[in-house]
Amino acid sequence: ERVARRLLNTLERMALLRSTEKNARRCVSLHDLQYDYLRAAQPVELAALHAKMLAAYRRKCPHGWSSGPNDGYFFQRLAYHLVQAGYGDDLRELLLDFAWLQTKLDATEVADLFPDFDLLPDDESLSLVKGALYLAAHVLAKDKTQLAAQLRGRLLSFVVPEIQVLLDQTRWTISTPWL
C-alpha cells in the first residue's frame, strides 16, 4: 500500500494523473488519452481483465453483490465491468434484484442508478424498472427508504414475471402504510 501511494504521488506530481479526496477516500483518474494508450498497450484481452477484477470483488461480497464494499468505486462501476467482462445476463439479474437496488441507492445517489440500465437498453423489463425509478427520483432523492413503496406503486400493474419477482422482494421491506 505504501509503495502504491508513493507511486501515485509521483505520477500526480508529474501531472500524469489526477487525485481527489472523496468521502475520506482517494480517487484517481487518468486523462482520456492516457487511458486510450494503456488500453492499446495492454496485450491481454480486456474482457479477461474485467473478469479478473470482478473475481477479486466477488471475494469481498460474502452474500452476493449487494454485500460489496462501499469503497467509492464498487457500486458506481460494477455494472460497467460486468458488461465489459461479457456478464450482461448477470447485470440484468442484478438490476432486477431489490437488495442490489436498495444497497446501491443507499451507497450512491438516485441518479447513479440510471446509467446501469442504459448498459442493457433493449430489455423491456429493465426499461420498466428504469422508468419507475425515473418517475420516483424526486421522492428517492429526499428519502431513499421509499424505494420499495415507489417500485410497488409504479410497477404493480405490469404482469411481467421478472417485475412480479422484484415486487415480491419488496413486499417484506415496507413497514409503514403506503398508497
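For the structure itself, consult the block above.
Residue indices follow the written sequence of each chain, beginning from 1 at its first position. Per-residue local features of the predicted model are confined to residues with pLDDT of at least 70, and side-chain atom pairs are confined, for both listing and counting, to 80 or more; whole-chain, interface and lining totals are unaffected and use all residues. Side-chain figures throughout are based on the complete set of non-hydrogen atoms in the structure, without hydrogens or water.

## A short note on the nonpolar core
We call a set of buried residues a nonpolar core when its members are Ala, Val, Leu, Ile, Met, Phe, Trp, Tyr or Cys and they connect through side-chain atoms within 4.5 Å of each other. Classification of residues uses two cut-offs on accessible area relative to the type maximum, computed with a 1.4 Å probe and protein chains only: under 20% is buried, over 50% is exposed, and between them is partly exposed. Of all hydrophobic cores here, the largest spans 40 residues; its most connected members are Trp65, Trp100, Val129, Leu133, Leu151 and Leu155. Broken down by secondary-structure element, the contributors of at least two residues to this core are helix H3 (46-58), helix H4 (74-84), helix H5 (88-95), helix H6 (98-107), helix H7 (114-118), helix H8 (124-142), helix H9 (147-155) and helix H10 (161-170). Numbering of helices and strands starts at the N terminus; helices are DSSP runs of H or I of at least 4 residues and strands are runs of E of at least 2. In terms of residue count, the dominant contributor to this core is H8 (eight residues). Contacts between residues were defined by any pair of non-hydrogen atoms, one from each residue, lying within 4.5 Å. Ignoring anything within four residues of it in the chain, the contact list for Trp65 reads Leu54, Tyr57, Arg58, Phe74, Phe75, Leu78, Leu82, Leu94 and Trp100.

## Here's the deal with the packing of aromatic side chains
Aromatic rings from Phe, Tyr and Trp, taking only the six-membered ring of Trp, are treated as a pair when their centres fall within 6.5 Å; an angle between ring planes under 30 degrees marks them as stacked, one over 60 as edge-to-face, and anything in between as tilted. The tally for this structure, following the rule as stated, stands at six aromatic pairs. Cluster of aromatic residues (ring-pair linked, three or more members): Tyr57, Trp65, Phe74, Phe75 and Trp100. A cation sits over an aromatic face here: Arg77 above Tyr80, 4.5 Å from the ring centre. To sit over a ring, a charge needs its Lys NZ or Arg CZ within 6 Å of the ring centre and within 35 degrees of the ring normal.

## A word on a nonpolar patch on the surface
What makes a patch is a set of residues exposed beyond 30% relative accessible area and free of salt bridges, joined within 9 Å when like-charged and within 5 Å when nonpolar (Val, Leu, Ile, Met, Phe, Trp, Tyr). In this description, accessible areas are obtained by the Shrake-Rupley approach with a 1.4 Å probe, and a residue is regarded as covered only by the protein chains that are shown. Just to be clear on terms, a salt bridge is a Lys or Arg side-chain nitrogen sitting within 4 Å of an Asp or Glu carboxyl oxygen. Together, Leu30, Tyr35, Tyr37 and Leu38 make up an exposed nonpolar region whose accessible area comes to about 410 Å². Residue position: Tyr37 is located in helix H2 (residues 32-41). With relative accessibility at 57%, the residue Tyr37 sits in the exposed group.

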